[in-house]
Amino acid sequence: MKSLIPEIKSRAAPLATEYISWGTFDAVELATEFVAGQVVHLMGLPDSTRPELVASAAATFDMFGPDNARYREAAPLAAATMTFHSREVSRKTVRPGSWTHALYEAADAGDIGEDDVVPLMSAYTTAAMDTTTHGITAALHHLAGHLRYFKELRAGRLDAAAVFNEAIRLDAPIQGFGRGVTRDTRIGDTPIRAGEQVWLSYGSGGRDPRQWGSFADTFRPGGDLHLALGHGPHACAGRHLALAQAASLLEALAHYGTRLENAGNPVRARNNILHGWETLPLTITPDRRRTSRPPSSTGT
Ligand code: HEM
């Protein structure tokens, strides 16, 4: 992951200056463009798959939720995505040296089955999209409400990773996952039997007053304690990538902008287990001394 950081930063800087130059922009659009571009590149997928990947990830997460209308609407979308991936992704279309290429090499070595390649690739692309976008936009939303922290970030007195970690503590992009219990156990006073289904609520864990006291609901960056990326042997496999992307983009925005403000009412995204913004209008005042690039022609 460390070797990827210069490349991630080099993608963040031009995007940050471009969106800042627009005046008002939608932070969800910025984060989605940044995250999706990076993920498609790392996985080595054809660029044609990008719109489908972005559009379908949320549907897959809807299917982790209860059997409700949202779940039933998502089911055919998620199934169509798997068919799309199986059609578009092959040894011929993936970039040599990419993460998907590594999956094909693992299949060649007999470590995984040939049929496992696309589902595994898909598990990564799905897990990497809206989650990271929601984490980044949660951080920007909190910074817009606490200008002091944006200034500290800009001055290098506050770590961008700490901002991101605090944002996902308060607004866990995945609010919870169901898990099967493998042996009889007990949590607090509650006995749980093997075979039962439990709900791990990362979202409420991050706001537990028994851990954070009266500051449980307050944005106070500084630590990295939360459950938003899971815990233990199956903790999020992409957490270092998510953190590297978030930190690079937040640092770039704070470097090229002097002031971050809300520029309208944000709208919540709806999903069975994801938590984040559908749109988040922001304005960042450009630092004229640092923004050397002219405004982009694609601006709004
Ligand atoms: C802010 C962004 C992200 C959040 C909030 C997030 C959250 C999570 C959570 C809560 C889990 C379950 C952990 C557990 O059961 O203890 C998980 C697992 C996983 N995540 Fe992430 N994730 C993020 C980004 C990513 C990215 C960028 C990737 C891929 C590059 C990724 C790939 C995975 C995979 C493969 C697993 C399954 C790990 C296993 O079962 O061993 N995630 N993630």
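Everything below is about the structure printed above this text.
Within each chain, residue numbers correspond to sequence positions counted from 1 in written order. At least 70 in pLDDT is required for a residue's local features to be given in this predicted model, at least 80 for side-chain atom pairs to be given and counted, and no such filter applies to totals for whole chains, interfaces and linings, which use all residues. No hydrogens and no water enter the side-chain calculation; it runs on all heavy atoms of the structure.

This paragraph deals with the pairing of strand β9 (residues 281-286). Two strands qualify as a pair provided DSSP detects at least 2 bridges between them. Numbered from the N terminus, helices here are DSSP runs of H or I no shorter than four residues, and strands are runs of E no shorter than two. With three bridges joining them, strand β1 (residues 24-26) and β9 adopt antiparallel strand pairing. Bridge pairing links Thr 24 to Thr 283 in β9. Here strand β6 (residues 257-262) runs beside β9; their pairing, made up of five bridges, is antiparallel. Bridging from a neighbouring strand, Glu 261 pairs with Thr 283 of β9.

Looking now at helix α2 (residues 27-43). If you check α2, its first and last C-alpha atoms are 24 Å apart, about what 17 residues at 1.5 Å a residue would give, namely 24 Å. Here a polar contact means two N or O atoms within 3.5 Å. Within protein one must be a hydrogen donor candidate and the other an acceptor candidate, and residues neighboring in sequence count only if both atoms are side-chain atoms. For α2, the side-chain oxygen to backbone nitrogen distance between the N-cap and Val 28 is 3.0 Å, and the N-cap itself is Asp 26. Of the residues flanking the end of α2, it is Gly 44, one or two places downstream, whose phi is positive at about 75°. Expected span, for any helix, means 1.5 Å times one less than how many residues it has.

Within this document, salt bridges are pairs made up of a side-chain nitrogen of Lys or Arg and a carboxyl oxygen of Asp or Glu, the two lying within 4 Å of each other. Here the structure, examined in full by the defined rule, presents 15 salt bridges. With its nearest N and O atoms 2.9 Å apart, the salt bridge here joins Arg 91 to Asp 108. Residue Arg 91 is located in the loop between α4 (69-88) and α5 (99-108), and its partner Asp 108 is located in helix α5; the two are separated by 17 residues in the primary sequence. The classification of residues rests on relative accessible area computed with a 1.4 Å probe and restricted to protein chains. Under 20% of the type maximum is buried, over 50% is exposed, and intermediate values are partly exposed. With relative accessibility at 39%, the residue Arg 91 sits in the partly exposed group. Across the salt bridge formed by Glu 114 and Arg 91, the nearest N and O atoms sit 2.7 Å from each other. Residue Glu 114 is located in the loop between α5 and α6 (117-145), and its partner Arg 91 is located in the loop between α4 and α5; the two are separated by 23 residues in the primary sequence. By relative accessible area, which is 43% here, Glu 114 ends up partly exposed. The network of salt bridges with common partners includes Arg 154, Asp 287, Arg 289 and Arg 290.

Next up on the list: the site of the ligand. A single heavy atom is enough: if one lies within 4 Å of a molecule or strand, its residue is considered near that molecule or strand. Within the structure, the ligand sits among 22 residues, and Arg 179, Gly 230, His 231, His 234 and Cys 236 are positioned closest to it. Interatomic distance of 2.7 Å between a side-chain N/O atom of His 234 and an oxygen atom of the ligand. Looking at the shell around the ligand, the elements with two or more residues in it are α6, β2 (177-180) and α11 (239-256). Only Asp, Glu, Lys and Arg are considered charged in this grouping, and only Ala, Val, Leu, Ile, Met, Phe, Trp, Tyr, Cys and Pro are considered nonpolar; every other residue, Gly among them, is considered polar. Here the shell around the ligand is built from residues that sort into 15 nonpolar, six polar and one charged.

Looking now at the sheet that holds β9. The three strands are arranged β1-β9-β6 in an open sheet whose pairing can be described as antiparallel. Each edge of the open sheet carries a strand with a single partner, namely β1 and β6. Each neighbouring strand pair of the sheet contributes to a mean axis angle of 35°, computed without reference to strand direction. It only takes one pair of heavy atoms within 4.5 Å for two residues to be counted as in contact. Helix axes are fitted to C-alpha atoms over the stretch in contact, other axes to C-alpha atoms as well, and angles between N-to-C directions run from 0 to 180 degrees. The strands touched by α11 are β6 and β9; relative to β6, the strand with the most contacts, the crossing angle is about 110°.

This brings us to the coordination of the iron atom of the ligand. There is one protein donor for the iron atom of the ligand, and it is Cys 236 (SG), at 2.3 Å. The topology assignment puts Cys 236 in the loop between α10 (209-212) and α11. Coordinating donors are taken as N, O and S atoms within 2.8 Å of the metal, stretched to 3.2 Å for Na, K and Ca; because water is absent from the atoms, sites can appear incomplete.

Let us look at the packing of helix α3 (residues 50-62) against α4. Axis separation between α3 and α4 bottoms out at 8 Å; the angle between their running directions is 135°. As far as their axial angle goes, α4 and α3 are oblique. The element α3 and its partner α4 pack so that their crossing is left-handed. Contacts between α3 and α4 involve Glu 52, Leu 53, Ser 56, Ala 59, Thr 60 and Asp 62 on the former and, on the latter, Arg 70, Tyr 71, Ala 74, Leu 77, Ala 78, Thr 81, Phe 84 and His 85. Residues of the contact of α3 with α4, tallied by class, amount to seven nonpolar, four polar and three charged. An angle counts as roughly parallel when it lies under 35 degrees, as roughly antiparallel when it exceeds 145, as roughly perpendicular when it falls between 65 and 115, and as oblique in every other case. Should the near helix be turned counterclockwise from the far one by less than a right angle, the crossing is left-handed, whereas a clockwise turn marks it as right-handed.

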